[in-house]
Amino acid sequence: MRALDARKFLGVRALLACLSFGALLSVLRGQDANWDLKNYHLYNAWAGLHGRLALDLAPAGMQSFFNPLLDMPYFLLGTGPLQYWPRLLAGVQGLWYGGLVFMLFRVAIRLAWLRGRTFGWADVWAVLIGVTGTMTVSQTGSSFNELPLALFILSSLYVLLPLCGDTPRPWRRALLAGLLGGLAAGLKPTAVVYAPALALGLLLALGMRRKAWRLATLFGVGALAGFIAAYGWWGWQLYELTGNPIFPLFNQVFHSAWVPAVGGTDRQYLPRDLGQWLFYPLYWLGKNQHIVTEVNFADARYALAGLSTLALLTLPWLLRRQPLDRSIRLLLVFVATAYVLWLCLFSILRYAVPLELLSGLLLLAALQLFAPADAAPRRWLVWAMAGAFLLLAGFSRYPGWGHVPYADVTFDVRPPAVERGSLVLVVGQPDAYVIPFLPHAQDNRYIGLSWFTRSALGFRFDTLVQERIAAHTGAVYALLRDDAGEDLPLLQRYLPGVRMSDCAPVQSGLEQRRNGKEASGNLRICRLQSD
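Read on for a plain summary of the structure. Everything numeric in this text was worked out from a predicted model, so none of it was measured.

Parameters and conventions
- Residues numbered from 1 in each chain as written.
- Predicted model: local features only at pLDDT ≥ 70, side-chain atom pairs only at ≥ 80, totals over all residues.
- Heavy atoms only, no water.
- Helix = DSSP H or I, 4+ residues; strand = E, 2+ residues; numbered from the N terminus.
- Expected span 1.5 Å × (residues − 1).
- Buried < 20%, exposed > 50% of the residue type's maximum accessible area, 1.4 Å probe, protein only.
- Polar contact = N/O pair within 3.5 Å; in protein donor to acceptor, adjacent residues only side chain to side chain.
- Axes fitted to C-alpha atoms, helices over the stretch in contact; angles between N-to-C directions.
- Left-handed = near helix turned anticlockwise from the far one by under 90°.
- Contact = heavy atoms within 4.5 Å.
- Nonpolar A, V, L, I, M, F, W, Y, C, P; charged D, E, K, R; others polar.
- Pairing = 2+ DSSP bridges.
- Disulfide = S-S within 2.5 Å.
- Salt bridge = Lys/Arg side-chain N within 4 Å of Asp/Glu carboxyl O.

1. Notes on helix α2 (residues 35–49)
Argument step 1. Compared with the 21 Å implied by 1.5 Å per residue over 15 residues, the 22 Å span of α2 between its first and last C-alpha is a close match.
Argument step 2. Of all 15 residues in α2, 12 are buried; the element is thus mostly enclosed.
Argument step 3. Those residues of α2 not exposed but buried are Asp36, Leu37, Lys38, Asn39, Tyr40, His41, Leu42, Tyr43, Asn44, Ala45, Trp46 and Ala47.
Argument step 4. Where α2 begins, the side chain of Asn34 points an oxygen toward the backbone nitrogen of Asp36, at a separation of 2.9 Å.

2. What to know about the packing of helix α14 (residues 301–318) against helix α17 (residues 359–367)
Argument step 1. Where α14 meets α17, the axes come as close as 8 Å, and the angle between the chain directions of the two elements is 35°. As α14 runs across α17, the sense of the crossing is left-handed. Between α14, through Arg301, Leu304, Ala305, Ser308, Thr309, Ala311 and Leu312, and α17, the contact on the second element is made entirely by Ser359, Leu362, Leu363, Ala365 and Ala366.
Argument step 2. Residues belonging to the contact of α14 with α17 are distributed by class as follows: eight nonpolar, three polar and one charged.

3. Description of the pairing of strand β9 (residues 524–530)
Regular strands show a simple pattern: their side chains alternate between the two faces of the sheet.
Argument step 1. Inspection of the sheet shows strand β6 (residues 476–480) paired to β9 by four bridges, in the antiparallel sense. Its bridge partner lying in β9, Tyr477 is registered against Arg527.
Argument step 2. In this structure, strand β7 (residues 498–505) lies alongside β9, joined through six bridges in antiparallel fashion. By the bridge assignment for β9, Val498 is matched with Ser530.

4. Structural notes on the state of the cysteines
Argument step 1. What the rule picks out here adds up to one disulfide.
Argument step 2. Covalently, Cys503 is tied to Cys526 through a disulfide, its sulfur atoms 2.0 Å apart. A torsion of 115° about the S-S bond marks the disulfide between Cys503 and Cys526 as right-handed. Of the two residues, Cys503 sits in strand β7 while Cys526 sits in strand β9, which places them 23 residues apart along the sequence.

5. Brief notes about the sheet that holds β9
Argument step 1. Ordered in space as β5-β4-β6-β9-β7, the five strands form an open sheet in which the pairing is mixed. Both edges of this open sheet fall to β5 (445–449) and β7, since each of them pairs with a single strand only. Across the sheet, the mean angle separating the axes of adjacent strands is 30° when strand polarity is ignored.
Argument step 2. On top of the sheet, helix α20 (residues 460–471) reaches β4 (423–427) and β5; it is set at about 135° to β5, its chief contact.

6. Quick notes on the side chain of Asn145
Argument step 1. Along the polypeptide, Asn145 turns up in the loop between α7 (134–138) and α8 (146–160).
Argument step 2. Here Asn145 falls in the buried class, since its relative accessible area comes to 7%.
Argument step 3. In this structure, Asn145 is in contact with His41, Leu70, Asp71, Gln93 and Lys188, ignoring residues within four places of it in sequence.

7. Quick word on the pattern of salt bridges
Argument step 1. In the structure shown here, the tally under the stated rule is 18 salt bridges.
Argument step 2. The partner of Arg301 in a salt bridge is Asp299, and the shortest N-O contact between them spans 2.9 Å.
Argument step 3. Residue class for Arg301 comes out buried when judged on its relative accessible area of 1%.
Argument step 4. Overall, Asp299 belongs to the buried group, its relative accessible area being 0%.
Argument step 5. Via salt bridges that share partners, Asp36, Glu146, Lys188 and Arg350 belong to a single interconnected network.

What follows is the structure, encoded as structure tokens:
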């Protein structure tokens, strides 16, 4: 079989090819219009840019308090230079996927070199298995931000790998890798599981010697610095406002008077019984919904990664082979530890993109136990990896998350006018994305009436809502849909006897289905009047 020149996967041409592919894939998927985008990604970016944290009260529910830093570039491009270029904005957002493809190739090449073997077609198939995973591909071009975080984590692993061999100035690598992992956690807490997993992987890969402890400590210092750099400014604002620097999460630790002393994390997808705790990835083999994600999907990569992990842990001993080399130990401990932390904390599959990306490399490492690494190509290994790729591709089911046809304007949102200086009550979710596009939006105040408000009844947040509504002297409006449901009675709680009048629809391209049908649920703004 013809040998590969690894340098072709490392140069500028390879980078441009990967980025172009990511951009094209994103454009073909259509305009991103996922639930989170409409609930908080657009609002949070606008609110962060205009200092709204203390002015508004959770128009996007609990998510109103998330770090807006990673949402700002997308919002600024879509409302600024790319306002009339929606396809170009989608292409720019797809660059994250292209960057991941390129970085995973670099990780695969570095793993091969560290193991003293030639990068070959089996490695290429391993990369393709990872980058075609359901959560990775389905989030390409979206505003979820899991792909940028995965790029930080994958880059951190790439920087760490040479520490498994001989490399000059290892302390610099440890600090830089930690910085990348800490930045990911600071930008979005869904990445918080990965830096500890990388630190433990480094420690165990190097044998827990004094040098290993020094480098792991330096990694931790870098991670803390990265976290503070990305999150410190926001955490301080939250602490000053609420008394909890990660409000409203883990309030059983910080005890902010705003909300109950509960964790606040979404636990609906945690394993439900012992079978799921032990064999959760096996439950994802067939098409399913509401197990580890809210949409239909199927993916065997995680189960295959679990079996590969088990093989790497047991076969060297059973086959009386040499212990795993350091680079594979780092990869193995990182994936296994991150999975356990993810399982206990989230169990939301969108957050597991780094693990999905590395599934092919884990499979390759397990198969290589039967073919000791050397420079000689193994034809059966290439065919085995190619077969695994085809099987995985054939049985995978990719979720859509929410896309709409492109409009002439990137964020085609045209709400009716409200009086300047109004109070707008956002009843239900996901409606807060309308706020930045209201005329004179900065002159108004916004309060969310959602499940988050209901969960805080009797606490400081509830009191603040009552005080702000009572103190307001101007016009009051409600932004809502027909499915406001349990949130609608909150209007009567805070404004007894209130009634709606002069309702006008919100015209929004983000509420159009691909077949052109409108799907807003009668999204509208109504004036509120008391009897």
